[in-house]
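Overview (structure and organization)
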Amino acid sequence: MDNFDVSVIVPVYNGEEYIGATLDSIINQDFKNFELIVIDDGSTDNSLEIIKDKLSKSTIEYKIIHQENSGVSAARNCGISNARGEYLVFVDADDYVTGNHLSELYNGETDFSMVQFIKKDGENLSKPHHFSAEFISCDDFIKKELNMEMPFNFWQLMYKASLINDNDVRFNPSLTYGEDIDFALRALSYGNTVAVSNEATYYYIQNPNSAINTSAFKRFEIVEIFENLAEFYKKQGRDDLARLIITSRIPKAIFGNMNYFFYNDYDFNEVIAKMKELDLLTKLSKYEGDGKFKSKIRLFLLSPKIYYKTWKKLKNSID
C-alpha cells in the first residue's frame with residue numbers, strides 16, 4: 001500500500017525496557033489505514049531485536065530504519081522524510097497510547113488535531129486537561145501556549161504532512177532540550193484549525209533517565225529557543241506573538257526552570273551564577289502579565305537570596 005491516512009513515527013535509542021509495550025499499543029489500534037515507522041538511532045542494547053520480533057509478528061504496515069546515533073531530532077526527521085501518510089503522529093519509545101489514539105486524532109479535514117495526555121509517574125497519574133471547544137484556531141492555540149494557559153506536549157498533536165513538508169518544518173538536531181515545542185509552535189503557525197478531543201489517549205511515562213532529567217542547566221536553553229522563535233514570528237509579520245514570547249513565555253520559563261533547580265537541591269550560587277551568565281535576570285524583569293506572578297518576580301529580583309530562603313522554608317513545611 002502506498003497511501004496511508006496516518007504515519008506513526010517512533011524514534012528509539014536504547015529503549016529495550018519500554019519499546020515492546022509501546023509497539024504493542026500502536027499495533028493494537030482500532031484505526032486501520034496507518035503505517036508505523038520505527039527509527040533505531042544506533043541502539044547498543046536489544047532494542048532493534050525487540051522491534052524486529054514484535055513487528056514481524058504483526059499484520060500492520062511498518063518500516064524499520066537503522067541509523068548511526070544522531071539524536072532524537074535527527075531520528076524524527078528521518079521518520080518525516082520516509083512517511084507516506086496524509087498525517088503524522090509521533091510517539092516516544094518509552095510512552096504508550098490507548099487503542100483509540102489514532103481514531104480520536106484522525107478526521108481527515110483539519111490541519112491539526114489534538115488529544116489529551118496522562119502523565120504516569122510510578123503509580124501516580126495526572127489528570128488530563130479539558131477543553132470546552134471542539135475546535136480552536138492555530139493562532140489562539142499558540143497564544144494559549146505562550147501564555148502557559150494549558151499543558152501541552154508536541155506528541156498530543158496529529159500534523160498534516162503536506163503542511164510540514166511544504167514549509168520545511170523539521171526538528172532542530174542541535175537542540176538537546178525544547179526541540180519538540182519549537183517544532184510544534186513553528187508548525188502551528190502555518191495552519192488554520194486544531195480539532196480538539198478531550199479523550200486522554202496518550203500516556204507519558206515520567207522517566208528519571210530521560211534527556212530532560214539529566215541535562216542539568218541545559219533546561220535554560222529553552223530561553224534561546226524562544227528568542228529564535230520570536231524572530232521567526234517577526235519574519236512572519238506576527239509581532240504580537242513575538243512580544244508574547246518576550247513578555248510572558250520567556251520569563252515564565254526562566255522562573256519555572258529556576259524553581260525546578262531549587263526544588264531538586266541544586267546549589268543556589270551555581271543557579272544564580274548561571275542565570276547571570278545568560279542574562280536571565282534582565283529577561284525575567286520583562287514580564288508584563290498578571291500581578292501575582294509579577295510580584296513573585298519582583299521579590300526575587302529584589303533579593304534572590306531572601307526569596308530562596310523563604311521558598312526553601314515553605315517547601316520544607318509542605319514536605
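Structure's up top.
This structure is a prediction, so every number in the text was calculated from the model and none was measured.

In this sheet, strand β9 (residues 157-160) lies alongside strand β4 (residues 85-90) in antiparallel orientation, the contact comprising three bridges. Paired with L88 across the two strands is Y159, which belongs to β9. Pairing of strand β6 (residues 112-121) with β9, which is carried by three bridges, proceeds in the antiparallel orientation. Looking at β9, one finds that M114 is bridged to L157.

A few words on the environment of L301. In this fold, L301 is placed in helix α13 (residues 291-302). The class for L301 is partly exposed, based on a relative accessible area of 33%. Counting along the chain gives 16 residues from L301 to S285, while the straight-line C-alpha distance between them is 7.8 Å. Once you skip the residues sitting within four places of it in the chain, L301 turns out to touch L281, L284 and S285.

As a further point, take the side chain of R249. On the secondary structure map, R249 appears in helix α10 (residues 239-263). By relative accessible area, R249 is classed as buried at 10%. A polar side-chain atom of R249 sits 2.9 Å from a polar atom in the side chain of E145. Filtering out sequence-adjacent residues up to four positions away, R249 remains in contact with E145, L146, M148, F226 and L244.

Thresholds applied
Residues numbered from 1 in each chain as written. Predicted model: local features only at pLDDT ≥ 70, side-chain atom pairs only at ≥ 80, totals over all residues. Heavy atoms only, no water. Pairing = 2+ DSSP bridges. Helix = DSSP H or I, 4+ residues; strand = E, 2+ residues; numbered from the N terminus. Buried < 20%, exposed > 50% of the residue type's maximum accessible area, 1.4 Å probe, protein only. Contact = heavy atoms within 4.5 Å. Polar contact = N/O pair within 3.5 Å; in protein donor to acceptor, adjacent residues only side chain to side chain.

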